[in-house]
Structure formats: C-alpha cells, structure tokens
Amino acid sequence: MAESLLRPPALRPGDRVAVAAASGPPDQAALDRGLAALRGLGLEPDVLPSARAGGAYLAGSDALRAADLTRALTDPSYRAVLLACGGYGAQRTLELVDWDRVGAPAPRAVIGYSDVTALLEAVAVRLGWASLFAPMPACDGFHPDSPAFGHLARLLTDPASVRELAFPRARALVPGTAEGVTAGGTATLLASSLGSATSRPARGAVLLLEDVDEEVYRLDRILTQLRRSGYLDGVAGIVCGTFTRCGAPEEVEELLRDRLGDLGVPVLAGADVGHGVPMRTFPIGVRARLDADRGTVRLLDPPLT
C-alpha cells in the first residue's frame, strides 16, 4: 500500500489561519459566525479579500481568487487554509494558479468540501499534501454546538484521538475490507477534473464519493464517466457519502449498486459525509482501512502530525 501524503502539523491556540474563497461568494453573516467559531478554538483567522468579495456566482474575479489561494498556500505564517464555501468556481481558480510560483511550501491543513474537491485534488497532486474534506466557515454546521464542527476541531487540534470514522447507519453494498490511501470527494468535481493536470486517479485508494442536486440520470452519467475514463481502475474500496437531493434514495442506491458493485471491491453506502447532514470530516491522502461490513474507516496514520 502507498504511504500517506505529507501531513500538516496539528493546530494550536494562537495559530494564524487563512480564510479564502476559491468558488462562490460566501454569505457574510454565516462567514462571521464561522470566524467566531474559529476564534473560539484559539485560532486567529485572517480573512483574505476573496472571502469578502461579492458576485453573481463567483467570489470576485478569477485573478483575485487565484492570488488569494497562492498567498494562503505559501505565506509561512499560515498554519491552515480554510475555504469559506463551495458553489462554483474552483476549477476557474485553479486554471490561473502558477504552481511554479507556489513552489514547495511547508504543508498546512487545507479544509473544505463540495466544489473545493478540485482544490483538494490539486494540493495532493501538485504539493503532495494530505487535506480534509470538511465543513467550511460560511456553511451550515460550522458552529461550536454542531457535531460536524466538533469532529473537525478534534481532527485539527488532537488528530491522534480520531483513529476511526464509524458510520452506524451505513450499509455494505458490497461486503469486505480494503486498505488504501484516501481520495475523492464530490463526484461531479472529480469528473470535471478528468484530463487536467490536477486530477488524482483512484488507483489503490479508499475512495469517497458524494454529491448534491444531481438527478439520477446525471449522477449515472458522472459515475459512468469515472468508469470509462479509467479513473476507477484499480480502486481498493469505495465509501459512498450523502447524495442529497439526487432523487429517491432507493433509486440512488440502485444506481450505486449498478455502477460500482461490479468493480470487485468493498462498497459502503450511507456514510454521513457530504451535503445535507452534520457531516463527518473525511481526511484525504491518509492510509486507511475500510470495513464495509462494520461501517468503519480506520485511519492508519493520524491525518495531521
């Protein structure tokens, strides 16, 4: 099995963290509540201009978002990078990132989900960093009373204490166990990165798949594209998270069984990772063991050091 990617250091009180937008414009009231939650952990968030930028569906210009992302990834004073929200736009941001300029900075936690999937893939491919598919400051669930925020906070500040992700309501579509380095995220974004220099194929991976607002036929197209492209070749195991507003749950499950069940690997469905639930943070780029029968993902390395 491959080794974990470079894992960033855990966060401590007083650490400075960047908050940027790589996608859509954050709701400012929600962002302010999320910033207060970060301060409650003793962290010092620095809100970059893109996180305050407005727009119809993009947070400011592509150039602004790319510049803020570059700063967040390279400024040595930042110990983490939190993307304020998802939406749309991360692919456009990545198009303008000069990875030669980014260079090889010290690893730091990169945190987000949904559209940010494209960015998590990029830092894995270009920088070799592990990251966190996790709640974002301007999204629901990012407050001290939320189990989602609590789980993320533990992973950030005491990562050795989180060695297993347990999904008691999940079920095995295909039984069995598998080991690999975690990968994946929102299926739409994985498919839209295919053919780019920042796509990270799932060979040897314990792969997370989830999505939102896709009709069953569109989800079928996305999963079929992942199959036909070779992205799923050699995958070790699959964790299916939420598929919120993607059609009737029984139809979605039948589709997952149809498109993933013949790959010859364990498949777990119904994990509370993704949209529409108090989501569990899912580390990306970390050695893990999937047990589909037990509904668990055991982290073989701490996600942060």
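What counts as what
- Residues numbered from 1 in each chain as written.
- Predicted model: local features only at pLDDT ≥ 70, side-chain atom pairs only at ≥ 80, totals over all residues.
- Heavy atoms only, no water.
- Helix = DSSP H or I, 4+ residues; strand = E, 2+ residues; numbered from the N terminus.
- Rg over C-alpha atoms; globule rule 2.2 N^0.38 Å.
- Buried < 20%, exposed > 50% of the residue type's maximum accessible area, 1.4 Å probe, protein only.
- Contact = heavy atoms within 4.5 Å.
- Areas by Shrake-Rupley, 256 points an atom, 1.4 Å probe, with all protein chains shown as cover.
- Lys, Arg positive; Asp, Glu negative; His and termini not counted.
- Charge placed at Lys NZ, Arg CZ, Asp CG, Glu CD.
- Pairing = 2+ DSSP bridges.
- Axes fitted to C-alpha atoms, helices over the stretch in contact; angles between N-to-C directions.
- Expected span 1.5 Å × (residues − 1).
- Salt bridge = Lys/Arg side-chain N within 4 Å of Asp/Glu carboxyl O.
- Core = buried A, V, L, I, M, F, W, Y, C linked by side-chain atoms within 4.5 Å.

1. Details of the overall build of the protein chain
Step number 1: When helices and strands are tallied, the protein chain shows 10 helices and 14 strands.
Step number 2: For 305 residues, the compact-globule formula gives about 19 Å, and the C-alpha radius of gyration of the protein chain, at 18 Å, lands near that figure.
Step number 3: When the backbone C-alpha atoms are referred to their principal axes, the protein chain occupies close to 45 × 40 × 35 Å.
Step number 4: Here the protein chain holds 305 residues, and the buried ones make up 59% of them.
Step number 5: Long-range contacts, defined here as pairs at least 24 residues apart, represent 81% of the contacts in the protein chain between residues at least 6 apart.
Step number 6: As displayed, the protein chain has an accessible area near 11,700 Å², and 49% of this comes from carbon and sulfur atoms.
Step number 7: Here the protein chain contributes 31 positively and 36 negatively charged side chains, and the mean placements of these two sets differ by 4 Å.

2. Some details on the sheet that holds strand β4 (residues 109-112)
Step number 1: Spatially, β2-β1-β3-β4-β5-β12 is the arrangement adopted by the 6 strands of the open sheet, whose pairing is mixed. Of all the strands in the sheet, just β2 (44-47) and β12 (282-284) have a single pairing partner and so form its edges. For this sheet, the mean angle separating the axes of adjacent strands, direction not counted, is 25°.
Step number 2: Relative to strand β5 (residues 131-133), β4 is paired through 2 bridges, and the arrangement is parallel. Paired with Gly112 across the two strands is Phe133, which belongs to β5.
Step number 3: Against the sheet, helix α6 (residues 117-127) makes contact with β3 (78-83), β4, β5 and β12, and its axis sits at roughly 160° relative to β5, the strand it touches most.

3. Concerning the side chain of Thr198
Step number 1: Its location among the elements puts Thr198 in the loop between α8 (187-193) and β9 (205-212).
Step number 2: The class of Thr198 is buried, set by a relative accessible area of 9%.
Step number 3: For Thr198, the contacting residues outside a window of four places in its chain are Leu94, Trp99, Glu121, Ala122, Val125 and Arg126.

4. Notes on helix α3 (residues 62-74)
Step number 1: Taking 1.5 Å of rise per residue, the 13 residues of α3 would be expected to cover 18 Å, and the 18 Å separating its terminal C-alpha atoms lies within 8% of that figure.
Step number 2: Within the sequence span of α3, burial applies to Asp62, Arg65, Ala66, Asp68, Leu69, Thr70, Ala72 and Leu73.

5. Examining the pattern of salt bridges
Step number 1: With the rule as written, the count across this model stands at 16 salt bridges.
Step number 2: Put simply, Asp46 and Arg16 hold a salt bridge, and the shortest N to O gap is 2.9 Å. Separated by 30 residues along the polypeptide, Asp46 in strand β2 and Arg16 in strand β1 (residues 16-20) bring together distant segments of the chain.
Step number 3: Residues Arg169 and Asp272 are paired through a salt bridge, measuring 3.9 Å at the closest nitrogen-oxygen approach.

6. Quick look at helix α9 (residues 216-228)
In an α-helix there are 3.6 residues to a turn, and that puts residues three or four apart on one side.
Step number 1: An ideal rise of 1.5 Å per residue puts 18 Å on 13 residues; α9 measures up with 18 Å between its terminal C-alpha atoms.
Step number 2: The set of residues buried in α9 consists of Val216, Leu219, Ile222, Leu223, Thr224 and Leu226.
Step number 3: If you follow the buried residues of α9, they end up packed against α8, β9, β10 (237-244) and α10 (249-260).
Step number 4: With its phi angle positive at about 90°, Gly230 sits one or two positions after the end of α9.

7. Quick notes on the sheet that holds strand β14 (residues 296-299)
Step number 1: Spatially, β6-β14-β13-β8-β9-β10-β11-β7 is the arrangement adopted by the 8 strands of the open sheet, whose pairing is mixed. Edge positions in the sheet fall to β6 (164-166) and β7 (171-174), since each has one partner strand and no second. For this sheet the average axis-to-axis angle between neighbouring strands, irrespective of direction, equals 30°.
Step number 2: Summarising the sheet, β6 and β14 pair through 3 bridges and their orientation is antiparallel. Each bridged residue has a counterpart across the sheet, and for Ala166 the counterpart in β14 is Thr296.

8. Re the nonpolar core
Step number 1: The biggest cluster of nonpolar side chains holds 48 residues, and the ones touching the most others in it are Leu73, Leu83, Val110, Phe133 and Val297.
Step number 2: For this core, the leading source of residues is α6, giving 6 residues.
Step number 3: Each residue touching Leu73, except ones within four places of it in the same chain, is listed here: Val81, Trp99, Pro105, Arg108, Val110, Val123, Leu127 and Trp129.
Step number 4: Judged by nonpolar contacts, the second largest core, of 29 residues, contains Leu173, Leu190, Leu223 and Leu255.

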